[in-house]
Amino acid sequence: MSIAEIVRNTHLLENRSEITVALSGGADSVALLLILQELQAEYGFTLAAVHVHHGIRGAEADRDAAFCTSLCKKLDIPFQMVKIDVPAYAAKQRISIETAARLLRYAALDEAAPTGFLATAHHAGDQAETLLFHLLRGSGLRGLCGIPQVRGRILRPLLSCTKDELLAYLAERGQDFVTDSTNFETDAARNFLRQEAIPLLERCNPQAVPHMARTAMLLSEDEAYLQTQADAAYTACITDDFCAGTAFRGLESYPRPIRMRVYAKAIGGVCDASFQKLREIDDILLAGTGKTTVSGDFYVHMADGVLCFQFAEAANDFSVPLCLPQQSVYQLFPQKTCEVRMLETEPISGVNSPRLHNAFTRCTLDSDKIVGNPYFRQWRGSDRITLPGRGFSSSLKTCIQSAVPQIERRRLYALYDDLGCIFCEQVGIAARVKPDAKTTRCLRFFILPNRRDENSCKE
């Protein structure tokens, strides 16, 4: 079967209007670029390429960038090159060069091609390496599924192709490519599997790589089914009883593979729990009582037939004064910060001004309407707020329950003055502090997860 037929059989190119190839210059990505150009007219998508220069390998990396530039010019394919500094990022984050390169590479690709789909050249050999890598780590079924063909807007059309098939395709086309010399080093785990382990396995069975790739595909189908069942159990068992976080009743009646996936989903917004921790939670569920810390002040406890995932109640007692400089940053919760900016502006003419409704959102209030000294504290069930346009007060708890997932409810930034709540994250501001035609000074709140997004307001 030809490479074109293998790619057609994935159905990944159907209904795609825009595809950008992550082009390293190596054999795999060059083959991907050529095969997509070959199929472009058939499927009707636009095609472009992006090369990421990692800031490592010196002259060799410059050679790769020049090759990709020349290739795309010859093929008349739109091309971008993006430079990143992997060594600096790895040192700052205290992670390996390999991990830093992967993280920055995908971020760079997203930025360079913000629309459409990104195609990467992972093939059957990469799939086999991933399966072995996770097997050696003791991964569960999800890890043994390997690399998915589709993840978000990332497409991997070559996962069923072997390296030999790709090299033969390039030879037939008379197309050269560049080779990354670090691929032959065996200090990295994946390189060791590629250079040492897989050749030994192929001595036992020459079809070892495609067979492992097929196993990963079959396991991914099983995992998808089990996750669907777990999602149904999550919905069926979730309850508001006796818990300020996410609680479940009746999970013990489900098989353990389903239960374990429910635990992982409940914890997913906080951290990645280990297998041992998930087993510990399961032991607590089956015992009907107990408590365990998952991460920091996030814990799980079981009582009265309810399994509850929540943050420590000690966090409910904080009270932090709001200072009013031009800008302040508050880190009251480990997963996110609240940046407060003082905005001074000319009075807005007309209460129906577009600026009033577009620029001054639910995250902005008139600072001159604050009564007394404002402060952050944990919201309480007895708090009430009158939202703009309602004319009546509502229970803040009810507003939060209707707008915020359970796992996030106890970790919301809420601001108070002497008369009560004037702002709550994901709920909005109180009507009495809403900006109007006379407003000249505003406070605007930016809720930033781990300070990654400096310009968005999570409302």
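Criteria and thresholds
Residues numbered from 1 in each chain as written. Predicted model: local features only at pLDDT ≥ 70, side-chain atom pairs only at ≥ 80, totals over all residues. Heavy atoms only, no water. Helix = DSSP H or I, 4+ residues; strand = E, 2+ residues; numbered from the N terminus. Buried < 20%, exposed > 50% of the residue type's maximum accessible area, 1.4 Å probe, protein only. Areas by Shrake-Rupley, 256 points an atom, 1.4 Å probe, with all protein chains shown as cover. Pairing = 2+ DSSP bridges. Contact = heavy atoms within 4.5 Å. Axes fitted to C-alpha atoms, helices over the stretch in contact; angles between N-to-C directions. Core = buried A, V, L, I, M, F, W, Y, C linked by side-chain atoms within 4.5 Å. Expected span 1.5 Å × (residues − 1). Lys, Arg positive; Asp, Glu negative; His and termini not counted. Salt bridge = Lys/Arg side-chain N within 4 Å of Asp/Glu carboxyl O. Phe/Tyr/Trp six-rings, centres within 6.5 Å; stacked < 30°, edge-to-face > 60°. Lys NZ or Arg CZ within 6 Å of the ring centre and 35° of its normal. Arc of directions from axis to C-beta. Parallel < 35°, antiparallel > 145°, perpendicular 65-115°, else oblique. Nonpolar A, V, L, I, M, F, W, Y, C, P; charged D, E, K, R; others polar. Left-handed = near helix turned anticlockwise from the far one by under 90°.

Draft legend 1. Up close: the overall build of the protein chain. Summing up its helical and strand segments, the protein chain has 14 helices and 22 strands in all. Counting across all 459 residues of the protein chain, residues that qualify as buried make up 45%. With an accessible surface of roughly 22900 Å², the protein chain has 52% of that area assigned to carbon and sulfur atoms.

Draft legend 2. How the structure looks around the sheet that holds strand E8 (residues 246-249). Strand order in this open sheet of five strands is E7-E8-E11-E10-E9, and the pairing throughout is antiparallel. Two strands bound the open sheet, and with one partner strand each, they are strand E7 (238-239) and strand E9 (290-295). Sheet topology note: the E7/E8 ladder contains two bridges and is antiparallel. Within E8, the residue paired with Ile238 across the bridge is Phe248. Contacts between helix H12 (residues 275-287) and the sheet are confined to E9, strand E10 (298-303) and strand E11 (306-311), with E9 contributing the most and set at about 160 degrees to the helix.

Draft legend 3. Region of interest: the nonpolar core. Within the largest apolar cluster, 35 residues are counted, with the highest numbers of intra-cluster contacts made by Leu33, Ile35, Leu36 and Leu158. If you list the elements that add at least two residues to this core, you get helix H1 (3-10), strand E1 (18-22), helix H2 (27-43), strand E2 (46-53), helix H3 (58-75) and helix H8 (163-173). Residue contributions to this core peak at nine residues, all from H2. If we ignore the near neighbours within four places in the chain, the residues touching Leu158 are Ile3, Val7, Asp28, Leu32, Ile35, Ala121, His122, His123, Ala124 and Leu166.

Draft legend 4. Representation of helix H6 (residues 124-136). Compared with the 18 Å implied by 1.5 Å per residue over 13 residues, the 18 Å span of H6 between its first and last C-alpha is a close match. Extensive coverage of H6 is indicated by the burial of ten of its 13 residues. Along H6, the residues that are buried comprise Ala124, Gly125, Asp126, Gln127, Ala128, Glu129, Thr130, Leu131, Leu132 and His134. Looking one or two residues beyond H6, the residue adopting positive phi is Gly138, at roughly 75 degrees.

Draft legend 5. Local environment of the side chain of Asp126. Structurally, Asp126 is set in helix H6. The side chain of Asp126 sits in the buried core without any salt bridge; Arg194 is the nearest counter-charge, 4.5 Å away.

Draft legend 6. Region of the structure containing the packing of aromatic side chains. Applying the stated criterion across every chain yields a total of eight aromatic pairs. Ring plane angle 55 degrees and centroid distance 5.1 Å describe the contact between Tyr330 and Phe376, whose orientation is recorded as tilted. A residue pair is termed long-range when its members are at least 10 positions apart, and Tyr330 in strand E13 (residues 327-333) and Phe376 in strand E16 (residues 375-377) qualify at 46 residues. Here Phe376 and Phe445 contribute two aromatic rings whose centre-to-centre distance is 6.5 Å and whose plane-to-plane angle is 85 degrees, an arrangement assigned as edge-to-face. Placement of the pair is Phe376 in strand E16 and Phe445 in strand E22 (residues 441-449), with a sequence separation of 69 residues. The burial state of Phe376 is the same as that of Phe445; both residues are buried. An aromatic cluster of at least three residues, connected via ring pairs, comprises Tyr330, Phe376, Tyr413, Phe423 and Phe445. Above the face of the Tyr234 ring, Lys265 is positioned so that its terminal group lies 4.5 Å from the ring centre. Lying over the aromatic face of Phe446, Arg341 brings its terminal NZ or CZ to 4.1 Å of the ring centre.

Draft legend 7. A look at H1. By the burial criterion, the buried members of H1 are Ile3, Ala4, Ile6, Val7 and Thr10. Angular distribution of buried residues about the axis of H1 spans 160 degrees; they occupy a single face of the element. Looking one or two residues beyond H1, the residue adopting positive phi is His11, at roughly 60 degrees.

Draft legend 8. How the structure looks around the packing of H6 against helix H9 (residues 189-204). Relative orientation of the contacting elements H6 and H9 amounts to 100 degrees, with a least axis distance of 10 Å. One finds that H6 runs roughly perpendicular with respect to H9. On the side of H6, the interface is formed by Gly125, Ala128, Glu129, Thr130, Leu132, Phe133 and Leu136, while H9 contributes Ala189, Arg190, Leu193, Arg194, Ile198 and Leu201. Counted by class, the contact of H6 with H9 contains eight nonpolar, two polar and three charged residues.

Draft legend 9. Quick peek at the packing of helix H4 (residues 86-93) against helix H5 (residues 97-112). Relative to each other, H4 and H5 sit at 110 degrees, their axes nearing to 9 Å. In terms of orientation, H4 lies roughly perpendicular with respect to H5. Relative to H5, the crossing made by H4 is right-handed. Between H4 and H5, the contacting residues are Val86, Pro87, Tyr89 and Ala90 on the first element and Ile97, Ala100, Ala101, Leu103 and Leu104 on the second.

Draft legend 10. Highlighting the sheet that holds strand E20 (residues 420-424). On the basis of which strands lie adjacent, the open sheet formed by five strands has the order E12-E16-E19-E20-E21 and antiparallel pairing. In this open sheet, the two edge strands, each paired with only one partner strand, are strand E12 (319-321) and strand E21 (428-429). Pairing geometry for E12 and E16, over three bridges, is antiparallel. When the bridges of E16 are listed, Val320 appears paired with Phe376.

Note that every value here comes from positions in space, so none of it alone points to a role or purpose.
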